2 protein chains.
Amino acid sequence: MTMRAADTVFEAQLRAAMPGLWLGTPEPRHLEEPRGRFRGVGALLAKPASVEAVSGVLRACHAEGVAVVPLGGGTGLVGGQVTEVGAPLILSLERMAGLRSRDGQSMVVEAGASLQQVRDWAEAAGRRFPLGLASQGSAQIGGCLATNAGGVNVLRYGNARALCLGLEVVLADGTIWHGLRQLRKDNTGYDLRDLMIGSEGTLGVITAASLRLVEPPAEEGTAFFAVPSPAAAVALLELAQGRLAGCVSAFELIARQGLSFLREVGPEVQFPFAEDPEWMVLIELGLPMGMEAEEAFADLFEAAGELVLDAVIAQSETQRLAFWTLRESLPLANRRIGAISSHDISVPVAEIPDFIETARAMLAEMGDYRINCFGHVGDGNLHFNVFPAPGKRREDYLQSREAIKRAVHDLVAGAYDGSVSAEHGVGRLKAEDLERYEDPAKLAMMRAIKAALDPRGILNPGAVLRE
Amino acid sequence: MTMRAADTVFEAQLRAAMPGLWLGTPEPRHLEEPRGRFRGVGALLAKPASVEAVSGVLRACHAEGVAVVPLGGGTGLVGGQVTEVGAPLILSLERMAGLRSRDGQSMVVEAGASLQQVRDWAEAAGRRFPLGLASQGSAQIGGCLATNAGGVNVLRYGNARALCLGLEVVLADGTIWHGLRQLRKDNTGYDLRDLMIGSEGTLGVITAASLRLVEPPAEEGTAFFAVPSPAAAVALLELAQGRLAGCVSAFELIARQGLSFLREVGPEVQFPFAEDPEWMVLIELGLPMGMEAEEAFADLFEAAGELVLDAVIAQSETQRLAFWTLRESLPLANRRIGAISSHDISVPVAEIPDFIETARAMLAEMGDYRINCFGHVGDGNLHFNVFPAPGKRREDYLQSREAIKRAVHDLVAGAYDGSVSAEHGVGRLKAEDLERYEDPAKLAMMRAIKAALDPRGILNPGAVLRE
């Protein structure tokens, strides 16, 4: 579909129709994404400060057939926030960043608030908003919902979807859907909230959300357990879940390769074991009052027998933060080394060990690579990233990148019936993968729904569904 | 839309096209619903035994414009399973009731399996499928998903939606969507699973589901706490959640009126307190190893101070079951008394006490009624049911029924921004309510999606969306 440019004529129209609207020229930060895979274009930047203003902008774009790229914090890793074609209007939610209401069970926040701000608001009410991402200082809650963000606490609390009670959304033609109910249960009609969540700005623009808050656990603790293998990690998780009634808040697998990268390029972190283990898991527990986290870890260690080689339990809040700093520094070290190909995949949890072994063997036959495989093993979600051999650079492998990605994704989607986009979304990076791996019936339904809700195709064209 | 009848000519066509298909005449049980509000019609009954057979039936109905009413266990309370108009084909899933696969994390079951059977399969694997309903012996898992069933453990484990990882669905034109992935995380495209869940057979026919299993908690316990008021119940829940790190598995509010009904009409149950308290809550805890449920209840009782008047902790499995029998007998006693109007509503949890008081006062001004209000207070979900004054029968109030329902629903949807269908769905009983209370933008989106996925309108016509 050819879209009209958001040119000076359109800009003049919009200014005339909406005198108070902030309009200007996109800055570089509005056209970039973290991995530098895409260079965005944008003819006009709008920063509406209210849902009515968002509605006005979309109404005008719909009438004129102008493409709109909704923009949150810009931290997405699949190019959902930047288009490389056309002359779209960039719709930044940054001026809609307020807290509308809050009680002990939930709160209503605007889309442009950073995830960190949302977490702080919850904490100020003695509650917790348990969505945690390395990028939470910049990521905006609207973007987290538009991409159904995951992170380190999904195991216990679910992804962004599970933490959202209601939405305010502006549809393609400017219609406002007032869906900000704060209910735990609501079976009145089709679940459009979950349809919007994860649709990456292609079905509507989320302007506010009603979020679920949880009570912080009475006792919390964090530990590193060194394990002999991914199979032991999965068995340890099962043991822990059975003993601890689902009180495992995080369970993150870390490979020795990740620690080596940290030692090689930083950032500087404290390493928990004198000698880096082949595999380790970062475990966080959130327990009832009357249980001591340290004791629970000690009991788990004892019960685990040969599933565990060694353990370090955080003895202070400082140490607890240091443990998490190591985990959250892994992506930065990866970026400094420079991955040839990164894969955000998921398989059934029980298949994790087999997948890691099979994928490694497959890649070893393809060439000389280093693999750093880490992630949310309790969700069956791995960041399986392929790096150059020592002394080489990612640029040396440009020809093999596509083959590596294809091989890993074929394996995930084929033998394991897994997902090639577990938590990062589809964006533009994986729109072709979606066509390759998704069930044709699902793709046809997606296209039918897109056509029904955005008949002129103005919302984030080219993201999720290619034209 | 006028549909073609599933007449003898159509039946002959279908027999010719699908020689092995079970076809016959609907029995009374295929045309009834538990409350007797609707008398169903059906010209032809099909019992396909495979997803391919379901596909064949729908392809034929789509081609000929024959209406299809998908049927599970028939326990739904809003008439979603029976139509009173036309001459539709009744599509019973009862012959698709198998277990396709199972591991420690999930299992794939066919739609026609009863919820009890599904729970038993989970238990046989040392796991739990934590969806619990009074009707679980008859309710089928396909229907539970089609209606997004709730029940007593939603507080901890979520509703049917939260326990489903993937679906196999036959669409209106017979296309099969193979979406049975067993993944905890999957962000590949629009969330069509959640769109199908809760669509009550109007967007597709669920033929199988991949379900999430959980580890049974190491320690479990059940108790009745007598509380002075609904406000105390809500405060007690908050206290319990804060102390017990979310280990509260159920928290059910019961009014003295419900106990009086049980004493009046049975069934026979054991009453926990010598004198029925004005309000009590049934609490179930599922705790980590090393914690004693009895001790946790005792600690909670002490910490609760004036929030609690008295407590009885189950001392054996027999007593635990007796506690639950009381709770699960409430709907039967209600049915024996005969409600003038029943309301499955939800409001924000913190608003529960205020809502109960306001609704009672409102009804007291309207006439002489008894109110039995009970339910899942932790979900903000009450079954707020209005009964005849002593010595009168529901038949004496037929003129006021509509006014009562309207007044309660207006209050819920208005002042409390609540839901008039918290867990039972819309069906045919509340299709008009949906039009009255739902946001017009949501209704328009629902109609657009229905038209896009079922353009001939053959799937469960009149349910959820009126014509």
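Fair warning: this is a prediction, and the values are worked out from it, not measured in the lab. In every chain, residue numbers begin from 1 and rise along the written sequence. Chain letters and ligand numbers both follow the written order, the letters beginning at A and the numbers at 1. The predicted nature of this model means local features are confined to residues of pLDDT at least 70 and side-chain atom pairs, given and counted, to a pLDDT of 80 or more, with totals for whole chains, interfaces and linings taken over all residues. Excluded from the side-chain calculations are hydrogens and water; all other atoms, namely the structure's heavy atoms, are used.

### Observations regarding the overall build of chain A
As a reminder of what qualifies: By definition, any uninterrupted DSSP run of H or I lasting at least four residues is a helix, any uninterrupted run of E lasting at least two residues is a strand, and each is numbered from the N terminus. Atoms counted for the radius of gyration: C-alpha only. Globule rule: 2.2 Å times residue count to the power 0.38. We call a residue buried when its accessible area falls under 20% of the maximum for its residue type, exposed when it is over 50%, and partly exposed in between, using a 1.4 Å probe and counting protein chains only. Residues are treated as being in contact if the distance between any of their heavy atoms lies within 4.5 Å.
What chain A contains, in helices and strands, is 14 helices and 16 strands. A compact globule built from 467 residues would reach a C-alpha radius of gyration of about 23 Å, and chain A, at 23 Å, matches this within 12%. Along the longest, intermediate and shortest principal axes, the C-alpha atoms of chain A span 70 × 55 × 40 Å. For chain A, the proportion of its 467 residues judged to be buried stands at 62%. Sequence separation of 24 or more characterises 74% of the internal contacts of chain A that already satisfy a separation of 6 or more.

### Quick notes on the pattern of salt bridges
The test is simple: The term salt bridge refers to a side-chain nitrogen of Lys or Arg lying within 4 Å of a carboxyl oxygen of Asp or Glu.
Enumeration according to the criterion identifies 69 salt bridges over all chains in this entry. Note that Arg29(A) is salt-bridged to Glu27(A), the shortest N-O span being 3.3 Å. For Arg29(A), a relative accessible area of 46% translates into the label partly exposed. Under the relative-accessibility criterion, Glu27(A) is labelled partly exposed at 35%. The closest approach of N and O atoms between Glu252(B) and Arg327(B), which form a salt bridge, is 2.7 Å. Linking Glu252(B) in strand 11 (residues 248-255) with Arg327(B) in helix 10 (residues 317-337), this pair joins segments that are 75 residues apart in sequence. Across the pair, Arg327(B) and Glu252(B) agree in class, each one buried. Salt bridges sharing partners connect three or more residues here, namely Arg181(A), Asp186(A), Asp417(B), Glu438(B) and Lys442(B).

### What to know about the relation of the copies chain B and chain A
Note the cut-off: To superpose the copies, least squares is applied to the C-alpha atoms of every residue with a pLDDT of at least 70 in both.
The operation relating chain B to chain A is a screw motion whose rotation component is 180 degrees, with 0.0 Å of axial translation and a residual RMSD of 0.0 Å. These values place the two chain copies in the arrangement generated by a two-fold rotation axis. Interface residue correspondence from chain B to chain A reaches 100%, placing this contact among same-surface, isologous pairings.

### Here we look at the sheet that holds strand 9 (residues 205-212) of chain A
Residue and element names in this part refer to chain A. Definition in use: Pairing between two strands requires that DSSP report at least two bridges joining them. Axes, fitted as lines to C-alpha atoms, cover a helix only where it is in contact. Angles between the N-to-C directions of the axes lie from 0 to 180 degrees.
One open sheet holds the five strands; their spatial order is 5-6-9-7-8, and the pairing between them is antiparallel. Because the sheet does not close on itself, it has two edges, and the strands there are strand 5 (99-102) and strand 8 (176-179). Ignoring which end each strand starts from, the neighbouring axes of this sheet average 15 degrees apart. Sheet topology note: the strand 5/strand 6 (residues 106-110) ladder contains three bridges and is antiparallel. Paired with leucine 99 across the two strands is valine 109, which belongs to strand 6.

### Description of unusual backbone geometry
Residue and element names in this part refer to chain A. Following glycine 266, the chain continues into proline 267 via a peptide bond in cis, with omega recorded as 0 degrees. Within the secondary structure layout, proline 267 lies in the loop between helix 8 (256-265) and strand 12 (279-287). At glutamate 200, a position not held by glycine, the phi torsion is positive, near 55 degrees. Of note in the backbone geometry, alanine 245 takes a positive phi value of approximately 50 degrees without being a glycine. Structurally, alanine 245 can be placed in the loop between helix 7 (230-244) and strand 11 (248-255). Judged by its relative accessible area of 8%, alanine 245 falls in the buried class.

### Points about the domain arrangement of chain A
Stated precisely, the cut-off is as follows: Here the limits of each domain have been adopted from an automatic or database domain assignment.
You can read the domains of chain A as domain 1 (8-94), domain 2 (99-212), domain 3 (219-336) and domain 4 (338-413). Averaged C-alpha coordinates put domain 1 of chain A and domain 4 of chain A at centres separated by 35 Å.

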